[in-house]
Structures are given as structure tokens and as C-alpha cells.
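# Close look at the chain arrangement
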Amino acid sequence: MSSNSFAYNEQSGGGEATELGQEATSTISPSGAFGLFSSDMKKNEDLKQMLESNKDSAKLDAMKRIVGMIAKGKNASELFPAVVKNVASKNIEIKKLVYVYLVRYAEEQQDLALLSISTFQRALKDPNQLIRASALRVLSSIRVPIIVPIMMLAIKEASADLSPYVRKNAAHAIQKLYSLDPGQKEMLIEIIEKLLKDKSTLVAGSVVMAFEEVCPDRIDLIHKNYRKLCNLLVDVEEWGQVVIIHMLTRYARTQFVSPWKEGDGLEDNEKDFYDSDEEQKEKADKRKRPYAMDPDHRLLIRNTKPLLQSRNAAVVMAVAQLYWHIAPKSEAGIISKSLVRLLRSNREVQYIVLQNIATMSIQRKGMFEPYLKSFYVRSTDPTMIKILKLEILTNLANEANISTLLREFQTYVKSQDKQFAAATIQTIGRCATSITEVSDTCLNGLVCLLSNRDEIVVAESVVVIKKLLQMQPIQHGEIIKHMAKLLDSITVPVARASILWLIGENCERVPKIAPDVLRKTAKSFTSEDDLVKLQILNLGAKLYLTNSKQTKLLTQYILNLGKYDQNYDIRDRTRFIRQLIVPNEKSGALSKYAKKIFLAQKPAPLLESPFKDRDHFQLGTLSHTLNTKAAGYLELSNWPEVAPDPSVRNVEVIELAKEWTPAGKAKKENPDEKFYSESEEEEDSSESSSDSESASGSESGEDEEEDHSGDSGEDSGESGSESEAGKGRAAKHAKARGKGDSKDVDKEKENSKTSESSSGESSSIEESSSDSESESESESESESRKITKEKEKKAKQDRNPLTKDVSLLDLDDFNPVSSPVVLPTPALSPSLIADLEGLNLSATSSVISVSTPVFVPGKTHVLLHRMSGKGLAAHYFFPRQPCIFGDKMVSVQITLNNTTDQKIENIHIGGKKLPMGMQMHVFNPIESLEPAGSITVSVGIDFCDSTQTASFQLCTKDDCFSVNIQPPIGELLLPVAMSEKDFKKEQGMLSGMNETSTTIIAAPQNFASSVILQKVVNVANVGVVPSGQDNVHRFAAKTVHSGSLMLVTVELKEGSTAQLIINTEKTVIGSVLLRELKPVLSQG
């Protein structure tokens, strides 16, 4: 998107090709103790001198080196005073780099930055959007409460800026201002509400980020913009997509009912396994309860699905969490393939993705079972990745794949990574507890590991075996004896403590071994770890209660040792046990129950996944990764029992249509008023269905376009006769009209042939113009106020002559002619000039008058596809002729085709959804359109000199379809005829800020006069100005709405370069036109 890409211009020069970031080198004196520091001082002095130089080239070189220093992480703050002096430089390249520097250091050097605040304020009015945006960034980086009012004013102005890039920076500044002064919240919310209505994809992500930061609880601000955000999502930049998806996930959880059916938590291969047939029937009946998904809920799920193919891992993860939290469980499976694809990324991405898969695989293991081998551990994986993959493999383990997994685990146990090997042993233990069929196999395998040479492996095996034996101790007396023998060789405290605990719990089953173990540990009591000492005390107490003959003295010896131990936990435990098991006068009532206390039946430990409790955090968030609530985390709410009113998301079309219906219409439009009221009633009934659909009018099929491109030309003759019907035409004009029609049919048959060739050239125009939504509402308002008085004065005088002259106008001169006219000065008939002056389309200047279009592109645009329109197809094109409905309107011809085998009745335009100031004159209702029939009608739209979309409903008797028309920038102009002298005079008055220029590089054959003429008039409806110089080509036009002049100059330079210059008061339209002409003139 051309309007969304802003890059700094590169400076190309022979002697100034200094590499960015290159630093001046200076010799270090070996004799000087502070040679290094003096070198740095000299280096910075050199930069300061360059910044104070009178030459822009030296300043630019210095700024490049300073920005290079910052990029390398070096401190350049001491140069702040020297840099800030250049903030008012007239050189645009220097100014850009100065602002880059200031954004970095404004917060550190607040006092110095405050001195230049007036310069920043002036820069907010700069004609260059990059300078305006940079000035706002610097201003918002000065973290001083005293300038909060100035910042607020700057943000307000920037939020209404014509450039979407500046509005994007205004959204970023909102967050900075809120962190500086939270008291401004209410005013900032108003700006956020305004920016949320912005249609630019460049702004959407930034304003949602500001919304999340300032007022995440104000869900009501999202209602009206919900559908727009869903539809814009695909075109928003990647980090904006992440923010919007997370916000819409929270929104969906508050506005829609749960799509998850009861009992849908288990996988298909698990549920109903042990149920009887009757129970299955009952569950099936429950599942058959009707659930109708809200169309807006479906819109969000449908529009985020393509983003699973995004190259950005964060976007894929955001869509995955959205599907997990709000999509029906049957549809959530599609995210598994995309998440597995991310495992080919770098280790940081793998870590986050595997954490989320680990959480998902606990609840819905069927999602990832097909990709089991993708989670096998590689030798090159870091330990953190290996352990997460183990976790997922454990979650996915079942009776079918456990044998394969155990073979895999056997390999992992032999790994040189001891932490990973220990985790594998724990994994085997978990598999043994979750799948009872393999518990014996796992236990025997772990016992074999007890003979391993690696002490860590043996220790971990002991700990896991201890947990497994707790579940079925009776059957495994031999294992306990084997582990008692290992006590002499194992030194890891946790393993020794586990063996002692096992022997103590089963001391009655091993009566000969337990006293001997106590004897051995009593010898080494003083040198044992605290954890082992506690278990020795417990073992002594249990043996004292069960076998006091053999162990009484041993236990008393151990208690005496513990009484004087350095650790107070062991001393406390010793006193507690002595009072409990050794009876004396002071013993309390608890002594009777000592055996029950020490030898009570312990519950078996539950071996669970550490990710089991993480699902209450939103997936993909920092809180989920840390498993604790992080600052700024916004919790997902539970699904509402009853869905809130869905109508809050409906955008009011009726009020807009009423509000923007012009009050002072001519009497000929009075019969239409009844028709409008009927359409509004119809619109009420169809509002909920039509609003939930995305704009289907933008879908185009190339085959349909080619099929109807010929028809549109032949039917334009019918539209002329239809629109003039019943208006009382003079006889001689009627005859002239009849002759003209026969010629036009021949001409327009040629149109159909040449339209395909011109469509390729104009496709680039469409793309770039679709992005130029930079005309603000405030400008269109002010312009409409200016022309209101003029309109009212001339309303009575002009209305009658207009009706008369327009109906008698010789429209043959304005019919589409596709073949380019190479003549630079088109001839004007005297009658035509008189008629055009009667139309009052020209400016007040006598030397400037509207001329005929030099060229009319035959390309048609799809308004309504036949599939979307249920058989009704509609195409539109711009005939480049003055509109008969109003002098400020652009004429648009719409061709309607009935592709069904039935008659379509009452085709008319219903509700209109037009931006502020925009007006539209509709065609009269068409009673019926026969099968395979076609008809061309004319409408007039006042676009207010902007490329904003005119949205309306094209209705039939039964249906209404939302469609929209967006004009290319070149169709908002009317060609004017003027002399070279007048052109130069007007160009001189429109210099400075009203001038934009660029350099074009192309092959010499592309700079032929006929080629340049054809390319320029194909893009824009401009007139040719006679030129006395062969190397200068001039074109002139004026905007349809305001009548502002648009002067285009193509000046050929030496070699294969040319300069394109546009002079106009409408700087936004001028810059957009420049952006569209440049690639067209550059290409062959």
C-alpha cells in the first residue's frame, strides 16, 4: 500500500558517500595517559564543528554519523545542544535525522528540549507529513507535566490530520500522555473514539493499542467499529493485527454466548467409552439442542482464519489463542498445523509456542496427535525446549502410542544432558500412572535404571519409584529390598530421603532390613543432609512403635543426636517425636495415638502436568508464560448466559441518509421523496442481515468484467436517452442526437476492443487511489461552508437555465472515446463553449475554461458481482463528462445486467452511508429488468475532492445489497484549457508549499511526446496546455468540487530522467496524484 509506506529518502552524492554510522578516526597518543578520552573529546568536537558549519552537506554528514553512533549503542547525549540548533534547518534530510536524534534523547535532556518547544509546535504545521509526525513524537517524548496542555492540543490536531501516518503517531502519543498524566483520561478517550472511526489500516492497530492502554473496559467504544475492525484486519500491519486480535478476543467473550456444547470437553476417542447405549442417547439428545452462532461472531472467526498463514509468529499465535478461546471446539483443530509450523522458527519462538501447545494438549489432545513426531526431541534442541516437548509427548500419550513413546524415552534417558534425562524419568513415571496397562513395564524399566552409573539418573529413578510404589506397595516388596541395598552407594539427598521414607512406611513388610538400615544411618547421622536427617528421625520413630525390642536404644541415640543439631527444624522435630513416642508423666493424650499418627495410610501422590492450571490465563500472554498474573494483564471474562443486544453493532444508515439529503433540492426531485421513505422502511427489516455481511461490492471477477466491458459502451446510448426522457427536448437537438447515436455506437464498439489494453495501465491507478483516504472531515466541512453562500446566491438564477441548458446539451462531445487523441489542442465548437459557460463549471477567471476530455478510459469497475447480487450484476465507469445533476458532482455511469432467467423488479438505490459533506443524486427506480437484459443509468456523486468511499444499498424488490464506489484521484478533476502564459502565471502563484515534485527515471522511448500525453491523460482527466518548449509538457485541470487548479508539468532532463511537478492548493490530492503518475511514467 503506497500510502502506508514511508521511507526516508536516500541522498546520493559522489563525495559524500560516507557510510551510515562511520565514525571519524583519530590517532591515540601512546604517551598520553588519557589518550582514549582526549580522542573521544576530539571526535565529538569535530562533530560539533560540522553541525555548526554553514554547509548542509557537512551537517548532513555529521547527523548520519551521530545516528550511526546511536544505532551502535554509543552515548551521543553530549551533542544535544549542537543538534537541537539544527531543528529549524530548511534541509528536509537534516531535519529528519535531527528528529530521529531528538526522539531518542528528549526524555534525558528535558530542559534543553523545552527551549526548542516553539520550533516543535511550528513543525506540527509543516507540509511534510514525516516532519509533522516526528515533531509530535519528540513533543510526546518530553516527559514534563508542564507541557501536558501543549501535548493534548498537538494530539487533538494530529488526530484530524490529513495524513494517516500522522494520525498513527497521534495514537502512539496518547499512550505517552496517559502515562504522564492519567488525569487527562476523559479527553483522551474522546480522541480514541474519533480515531477508532478512522478507515485507514495504518491507524487501526495503533489506536486499538491506545484503547487497550487507556480504557480497556470501555467496550461500548468498540461496538460500532467492530465489523470495520474485523474487515480491516487482513490489511493492518502485523503488530497491529496482534493487538486487535487480542482485544477482539476479549470483546467476543463479553458479547456472544458460548459456542461450546456441554460435554464437549473430552475428545471423541475418549467420551462415551464406558457408557451404555441409553446414556449415549441421552447425551446425543443434549447435543442436538439448537445453537445459532451470531453472524458477528462468525465474521470474526472467518476473517482471522487467513492470518494463520502469516509470516509473523506473533500473529499466528494470536489467531491460535482466539480460536482456542472463542471458536467452536470442532473448528479449533485448524490451528494445530499452523502452530506446528512455528516449531521451525528460532528457539525463543519455539519456547512460547510449545508452552501454549502444552496447555492445549491437556484438554484437547486429539488436536495434536497427528503431529506426534513433530514433538520428538532433537539433539540440537536446548534443554528448555526438550523438557517442553517431553511435557507435550506425555500429554499426548495413550494406549495406542505408548509403546512408541517408551522406546523414544529409553533413548532420552541415555542423554548427556542430565537435567533432560531426569525429566525423562519423571515423564516415564507420569505415563505409568496415567496408562495403567504399562505401569508394570515402566516400573521394571525404572528399577533397571537403578543400576545406572550416573548418580543423577539413579536418584531421579528412586524418587519416581517411591511415588509409584505408594499406589501399590503390597506387590513390590522385592523392589523395596533392592532399593535398601542402594542406600550405601547413593549420595543424592533427595534419593536417600526417598528410600528411608519407603522403608519407614513399609517397615512391617521388611522387618529384618529396616532395623539394619536405621543402624547404618545412625552412624552417619551427623554428616547427612538436613532432608535425610528428618527422614532418619521419622524412620526411628516408626521402628520404635513397631519393633521397639531391636530399635529402642538406636532410636534414643538418634533422638539425642538430633536434640543438639545445629538446624532448629531438626531440634524441633526431635523434641516433638520424643514427647509423642516415649511415654512419661508429662506425655499428653496424643501418645496413645502415636502409631496411628506415624503409620497412617498416606494418599498416593498425584503426578500432574505443571501446565494443568495455566488455562485460566489467556494463551499467548506474558501471564500464561510466567504462570502468574503480570502487571497490565486483562482477564478473559466468562461467556454470558444470554447474549447482549447485537443491534449495538449496527451502524446507523437511516440517520445518515436523512441527515445528508440536501434540503434545497429542485422541484424535479420531489417525486423521489416517497421512494426514499419506502426504502428506509425496507432497510429497517433487512438491517440485521445486511450489516453482518462484509462489503460484497468490492469482490470482482475478471471474467465478468471482460464479459460486460463491451456491453457498457453500447448501453451508454440508452442511458442518454433514458435520462433525458420526459424533459421536453427541442426538435433540432433531437435530430442531432439521432445522428450522434449512430456514430457513438460505432465508436463504442471500438471501445470494447481497446478497453482490455487500457485496463492494465489503470490497474495501478486503482491500487494507489484506494489507499489515499487522507481527506479529513474538517476540510470538507470548511470547503462546503465556503461554497454554500455562493451556491445560495446563484441558486435561483442558475436552477432554471441549468435545467434547460443541460437537457439540451450536445452530449455527443462527452461520450466515452477510448482511442487516445494525440492532438495537443482539441478544437472546441462555439456552441459547446457557450453550453459549458452556461453550466458555470469554470472558475471566475476569463482565461480559464473547461474543455473536453482528451481521453476517456473504457475500464469498468465491478460494483456488484452477480454471485453476490443473486443474479443482478452491476458495473460502473467514469465517463469524464460534466454531471447533469450538479456542477460539483462527478458523473458515474452504472450498467445493470440481469444474469438470471427471471425478471428483476424495482431496482433502485436504498439507504446511503456517505461521509460528512458528501452528496449523491440517484437514478430513478427501474420498474423491471428482463432476463439477460442490460440497462445503463447515470448517478452524480459529490466526493468533496476526496477519494472517500460512497457506500449505499442497491436494492431490488426482494433484496438489498451493500455496494460502494471509490473514485480514482484522476476522476475528481475536470480538464481546463489555458494558454502557456496563463499556466506560468498560475504556477507562480502556486509555488512553495503548494508545489510537490519528484524525479522520474525511464527509458528514452518512454519520454516521447505522444507516450507522455497518453500516460498522463489515462491516469487523470486533465487538459493539454500548448507548450513552446519540446522538453516541457504541461497539463491543467481543476477539482470538480472546489474548482481548485491542478497544474501538472513534465520536464525532460538530460539522459533518461525527467522531473514531474504538480502545483495545487489541494496539497493532499496533489501528492496522491504525484504518487500515481510517477510509476506510470516510469514504466515502459
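Residues numbered from 1 in each chain as written. Predicted model: local features only at pLDDT ≥ 70, side-chain atom pairs only at ≥ 80, totals over all residues. Heavy atoms only, no water.

Okay, the packing of aromatic side chains next. Note on aromatic pairs: each is described by the distance of the centres and the angle between the planes. If you walk through the whole model with that rule in mind, you get 11 aromatic pairs. With a centroid separation of 4.9 Å and an interplanar angle of 45°, the aromatic rings of Tyr101 and Tyr105 are classed as tilted. Note that Tyr101 and Tyr105 are positioned in helix H4 (residues 92-105) at a spacing of 4 residues, about one turn of the helix. Each member of the pair, Tyr101 as well as Tyr105, carries the same accessibility label: buried. (Phe/Tyr/Trp six-rings, centres within 6.5 Å; stacked < 30°, edge-to-face > 60°. Helix = DSSP H or I, 4+ residues; strand = E, 2+ residues; numbered from the N terminus. Buried < 20%, exposed > 50% of the residue type's maximum accessible area, 1.4 Å probe, protein only.)

So, about the pairing of strand E16 (residues 1057-1064). Of all 8 residues that make up E16, 6 are buried, and the element is covered over most of its length. Counting the residues in the hairpin turn of strand E15 (residues 1045-1052) and E16 gives 4 residues, including Gly1055, whose phi is positive at 75°. (Pairing = 2+ DSSP bridges.)

Turning to the sheet that holds strand E8 (residues 934-942), a few remarks are in order. One open sheet accounts for 5 strands, arranged E2-E3-E4-E8-E6; its pairing is antiparallel. In this open sheet, the two strands that pair with only one neighbour each are strand E2 (861-864) and strand E6 (919-921). Neighbour to neighbour, the strand axes of the sheet diverge by 30° on average, direction disregarded. Bridge analysis of E2 against strand E3 (residues 872-877) gives 3 bridges, and the strand direction is antiparallel. (Axes fitted to C-alpha atoms, helices over the stretch in contact; angles between N-to-C directions.)

To continue, consider the environment of Val84. Assignment of secondary structure puts Val84 in helix H3 (residues 80-84). Between the C-alpha atom of Val84 and that of Tyr99, which follows or precedes it by 15 residues, the distance is 8.9 Å.

It is worth spelling out the confidence of the model for the protein chain at this point. Mean pLDDT over the protein chain: 76, with 74% of residues reaching 70 or higher. Note on residues 654-846: pLDDT under 50 across the span, and 242 contacts to partners over four residues away in sequence or across chains. (pLDDT = per-residue confidence, 0-100. Contact = heavy atoms within 4.5 Å.)

It is worth spelling out helix H2 (residues 56-71) at this point. Between its first and last C-alpha, H2 extends 22 Å over 16 residues, near the 22 Å set by a 1.5 Å rise per residue. With 13 of 16 residues buried, H2 lies mostly within the body of the structure. Once H2 ends, the next one or two residues include Gly73, with phi positive near 90°. (Expected span 1.5 Å × (residues − 1).)

With that settled, the discussion passes to the pattern of salt bridges. Evaluated as defined, the whole model comprises 33 salt bridges. Residues Arg649 and Asp294 are paired through a salt bridge, measuring 3.4 Å at the closest nitrogen-oxygen approach. Highlighted residues: Arg649 in the loop between helix H32 (622-626) and helix H33 (654-659) and Asp294 in the loop between helix H15 (277-287) and helix H16 (295-304), separated in sequence by 355 residues. For the residue pair Arg649 and Asp294, the accessibility class agrees, reading buried in each case. Within the structure, one salt-bridge network assembled from shared partners comprises Arg227, Asp294, Asp296 and Arg649. (Salt bridge = Lys/Arg side-chain N within 4 Å of Asp/Glu carboxyl O.)

The subject of this paragraph is the state of the cysteines. A covalent bond bridging the sulfur atoms of two cysteines is what the word disulfide describes. For the structure on display, the rule yields 1 disulfide. With its sulfur 2.4 Å from that of its partner, Cys955 forms a disulfide with Cys960. Looking along the S-S bond of the Cys955-Cys960 disulfide, the torsion reads about 105°, which is the right-handed sense. For Cys955, a relative accessible area of 1% gives the class buried. By relative accessible area, which is 17% here, Cys960 ends up buried. Cysteine Cys431 is unpaired, with the sulfur of Cys442 as its nearest cysteine sulfur at 6.2 Å. Its relative accessible area of 3% is what places Cys442 among the buried residues. (Disulfide = S-S within 2.5 Å.)

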